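Each chain, written out:
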Amino acid sequence: MDWHLITCEYPPQSGGVSDYSHAIANGLAAKGETVHVWCPAINVQETNSEGVTVHRELGRMAPTDLRRVGTMLDKFPGPRRLLVQWVPQGYGYRAMNLPFCLWLWQRAKFRQDRVEIMVHEPFLAFREGSGKQDLVAAVHRIMIAILLMAASRVWVSIPQWETRLRPFAFGRDRIFGWLPVPSNIPVIDDSPGIAELRARYAPRGESLVGHFGAYDHYMTKLMLEVVPSLLTQPHKPAILFLGKGSLELRNRLVHDHPDLGQQVHATGIQSSRDLSRHISACHLMLQPYQDGVSGRRSSTMALLAHGRAVVTTIGKATESCWIESEAVKLVKVGDIDTLVDVTRGLLSDTQERCRLGAVARTFYYEVFDLQRTIGALREAVT
């Protein structure tokens, strides 16, 4: 049975779902599977990799687009296996594309297609924004109820989503499975290049503390508080912000604290190869999250795969494996003083940092590696 991967974004489009879809498609193809990717159209010269055919036919995901794609799908032997990458904001119609969900239900009901949903995000929360957002959140719940009617299997990026989704199955028996999000940053072995980066950012032999992620309002506010506290110690580390928005954060920090200009650095957006080298150059990664670290945090996945020591937060989204593995240092969400103290302690303990890095790498390959995800998907066929 061929795989038909339906996604709201695919390279060269940027985004976490795009990277994940690309990794899944090529991971399945590497195992000898035939994969068809169905995604929105963009102005690009398509280059199909071996075993993967990309169909940029979803357009705006309007009913006319869906009917056209349905006709194309019908040309493949049935029943077809549809693996849908679900984020409610990804399919247009102001994040309320009910026709798309009904189309999938019709494919399962009348074409007997096997629909599987990979839930990256289930729905918006209530009472976290305007009345308009609450309306969208309500529609999201209708959408997920329709999807659960269509789906024979539901994959989730974190186990917490299963708890939230089950009430919308209304007692119907649905098989849930956890598919952690793997790293999308390949580990580059370049010792001279890594050493050059350390000398550039920490020329006096300081420890180099990094952070990799998206610098949203929460993270920006937190870093503006944490970094000055961390840099009050006598042996100050150097700080390196990685990723989109990192330059803007550094500028704000240095504007507020001009004396930190020599200690704080940022890269902006980089290629995956350059990003890998910069991650490896860091002695320690500081990765707090508002809801705690979890298997959906692709930024932390990259750090584990690179064998970095990580200080992060434990919160409502944190799975038990993070505690049991002891692969990262965990601090309660919101406890900034402890976050700073734990980071300082690790900076002065080279042996513990090395131990953490080794355990982190093992933890990643045992739990989160792409091959684990591909294996789970293929085993679920039977």
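Residues numbered from 1 in each chain as written. Predicted model: local features only at pLDDT ≥ 70, side-chain atom pairs only at ≥ 80, totals over all residues. Heavy atoms only, no water.

The helix and strand tally for the protein stands at 14 helices and 13 strands. Here the protein has a C-alpha radius of gyration of 22 Å; the compact-globule value for 382 residues is 21 Å, and the two agree. Projected onto its principal axes, the C-alpha positions of the protein cover 70 × 45 × 40 Å. Taking the contacts inside the protein whose residues are at least 6 apart along the sequence as the reference set, 69% of them involve residues at least 24 apart. (Helix = DSSP H or I, 4+ residues; strand = E, 2+ residues; numbered from the N terminus. Rg over C-alpha atoms; globule rule 2.2 N^0.38 Å. Contact = heavy atoms within 4.5 Å.)

Take the nonpolar core next. Among the nonpolar cores identified, the biggest contains 41 residues, and Ile6, Trp86, Phe100 and Leu165 are the most heavily contacted of them. Listing elements by their share of this core, those giving two or more residues are helix H2 (63-73), strand S4 (81-86), helix H3 (98-110), strand S5 (114-119), helix H4 (131-150), strand S6 (151-156) and helix H5 (159-165). With seven residues, H4 is the largest single contributor of residues to this core. Excluding its chain neighbours within four sequence positions, the residues that come into contact with Trp86 are Tyr91, Phe100, Cys101, Ile117, Met118, Val119, His120, Glu121, Pro122, Met143, Ile144 and Leu147. Counting residues in each nonpolar core, the second largest holds 31 residues, with Ala302, Val310, Ala327 and Phe363 among its members. (Core = buried A, V, L, I, M, F, W, Y, C linked by side-chain atoms within 4.5 Å. Buried < 20%, exposed > 50% of the residue type's maximum accessible area, 1.4 Å probe, protein only.)

The buried fraction of S5 amounts to five of the six residues, a majority that puts the element mostly inside the structure. Pairing of S4 with S5 involves six bridges; the strand directions are parallel. Bridge assignment links Val84 to a residue of S5, and that residue is Ile117. Read from S4 through H3 to S5, the crossover connection turns out right-handed. As defined by bridge partners, S5 adjoins S6 across five bridges and the pair is classed as parallel. Following the sheet pairing, Val115 is matched in S6 by Ala151. Following the backbone out of S5, through H4 and into the adjacent parallel S6, one traces a crossover that is right-handed. (Pairing = 2+ DSSP bridges. Right-handed = clockwise from strand over helix to strand, strands pointing away.)

Here Arg308 shows up in the loop between helix H10 (298-305) and strand S12 (309-314). This buried residue, Arg308, is left without a salt bridge; Asp189 holds the nearest opposite charge, at 10 Å. Polar side-chain contacts of Arg308 include one of 3.3 Å to the backbone oxygen of His306. (Lys, Arg positive; Asp, Glu negative; His and termini not counted. Salt bridge = Lys/Arg side-chain N within 4 Å of Asp/Glu carboxyl O. Polar contact = N/O pair within 3.5 Å; in protein donor to acceptor, adjacent residues only side chain to side chain.)

Now for the side chain of Ser299. One can find Ser299 in helix H10. A residue is classified by how much of its surface remains accessible, and Ser299, at 12% relative accessible area, is buried. Here the side chain of Ser299 touches Tyr289 through a polar contact of 2.7 Å, side chain to side chain.

The six strands lie next to each other as S10-S9-S8-S11-S12-S13, forming an open sheet whose pairing is parallel. Either end of the sheet is taken by a strand with one partner, and the two such strands are strand S10 (264-266) and strand S13 (329-332). Neighbouring strand axes in the sheet, compared pairwise and without regard to direction, differ in orientation by 25° on average. In this structure, strand S11 (residues 284-287) lies alongside S12, joined through four bridges in parallel fashion. Bridge assignment links Leu284 to a residue of S12, and that residue is Ala309. Here helix H8 (residues 246-256) sits on the sheet in contact with strand S9 (238-242) and S10, set at roughly 155° to S10. Where H10 meets the sheet, its contacts fall on strand S8 (208-212), S11 and S12, and the angle it forms with S11 comes to roughly 165°. (Axes fitted to C-alpha atoms, helices over the stretch in contact; angles between N-to-C directions.)

On their own, these measurements won't tell you what the molecule is for.
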